[in-house]
Amino acid sequence: MYDGDKIVEKFINDMYGLKQTYHEELDHIVENNRWLTTLVLAEIWGIAAYRNFLGEASLSIFAAIIIVILSLTISCFMISILSSRYARSKVSTIITDNVFNLKKHFDDSKISLDKALSDATSVRLATFEQVSKEPKSSRVWEGIGIGLFIIGSLLAIFNVFILELMKLFNL
């Protein structure tokens, strides 16, 4: 059987391992969104450069719609980044609070070791459940942004393809 200090130490190690895992996941989401935002900005610049190359002084309705979709994409990526930063902070708070409460629980001499072990297991499972929910909104916003990026890119390709075909056939 474990003594109280070993139980607390194992719990603390589990929690800090969990914290590190989720912080890394949330940091990867932020990195991905920053990289994807760069791609979207490059695509917007490419559309503007292509329109300039054609000698167009303004955007067509279709090009404007594509720019709006790509702008919404950037918004989704920004929301995902902010959501990831908020979730990272919340994960830290949840874990710190639960570690503190468990330490306090084990310091209470009125609680038996078996009860403390049972409570530690319950708190551990509850912590895993709470923390696992945090990155979900970041992933959802990132997914929406990726979907919009794909739609905007396909529309941009279609737009250029149609314009080039029209020029080729003098339409």
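Attention in this report is confined to the structure presented alongside it.

1. Overview of the overall build of the protein
Across its full length, the protein holds four helices and zero strands. Traced from its N-terminal end to its C-terminal end, the protein shows the element sequence α-α-α-α. Scaling as 2.2 N^0.38, a compact globule of 171 residues should have a C-alpha radius of gyration of about 16 Å, whereas the protein reaches 26 Å, well beyond that. Projecting the C-alpha coordinates of the protein onto the three principal axes gives extents of approximately 90 × 20 × 20 Å. Taking all 171 residues of the protein together, the buried fraction comes to 35%. By sequence separation, contacts in the protein at least 24 residues apart represent 89% of the contacts at least 6 residues apart.

2. Description of the pattern of salt bridges
Pairing between side chains of opposite charge can happen when their charged atoms approach one another. According to the stated counting rule, one finds eight salt bridges in the structure shown. Across the pair Asp14 and Lys10 runs a salt bridge, and its minimum N-O distance is 3.2 Å. Here Asp14 and its partner Lys10 are both found in helix 1 (residues 4-53), four residues apart, which amounts to about one turn of the helix. Across the salt bridge formed by Glu129 and Lys133, the nearest N and O atoms sit 3.9 Å from each other. Of this pair, Glu129 and Lys133 both sit in helix 3 (residues 113-133), four residues apart, which is roughly one turn of that helix.

3. Some remarks on a nonpolar patch on the surface
A surface patch of nonpolar side chains, amounting to about 770 Å² of accessible area, comprises Phe158, Phe161, Ile162, Met166, Leu168, Phe169 and Leu171. Relative to the elements of secondary structure, Ile162 occurs in helix 4 (residues 136-168).

4. Notes on the packing of helix 2 (residues 61-107) against helix 4
Direction vectors running N to C along helix 2 and helix 4 enclose 160 degrees, while the axes themselves pass 8 Å from each other. For the element pair helix 2 / helix 4, the angle class is roughly antiparallel. By crossing handedness, the relation of helix 2 to helix 4 is classed as left-handed. In terms of residue class, the contact of helix 2 with helix 4 is made up of 18 nonpolar, nine polar and one charged.

5. Considering the nonpolar core
Ranked by internal contacts, the top residues of the largest apolar core, which has 16 residues, are Met15, Leu18, Ile95, Val99, Phe106 and Val131. Of all the secondary-structure elements, those providing two or more residues to this core are helix 1, helix 2 and helix 3. Apart from residues no more than four positions distant in its own chain, Met15 is found in contact with Ile95, Val99, Arg124, Thr127 and Phe128.

Rules used throughout
- Residues numbered from 1 in each chain as written.
- Predicted model: local features only at pLDDT ≥ 70, side-chain atom pairs only at ≥ 80, totals over all residues.
- Heavy atoms only, no water.
- Helix = DSSP H or I, 4+ residues; strand = E, 2+ residues; numbered from the N terminus.
- Rg over C-alpha atoms; globule rule 2.2 N^0.38 Å.
- Buried < 20%, exposed > 50% of the residue type's maximum accessible area, 1.4 Å probe, protein only.
- Contact = heavy atoms within 4.5 Å.
- Salt bridge = Lys/Arg side-chain N within 4 Å of Asp/Glu carboxyl O.
- Patch = residues over 30% accessible without salt bridge, like charges linked within 9 Å, V, L, I, M, F, W, Y side chains within 5 Å.
- Areas by Shrake-Rupley, 256 points an atom, 1.4 Å probe, with all protein chains shown as cover.
- Axes fitted to C-alpha atoms, helices over the stretch in contact; angles between N-to-C directions.
- Parallel < 35°, antiparallel > 145°, perpendicular 65-115°, else oblique.
- Left-handed = near helix turned anticlockwise from the far one by under 90°.
- Nonpolar A, V, L, I, M, F, W, Y, C, P; charged D, E, K, R; others polar.
- Core = buried A, V, L, I, M, F, W, Y, C linked by side-chain atoms within 4.5 Å.

Note that every value here comes from positions in space, so none of it alone points to a role or purpose.
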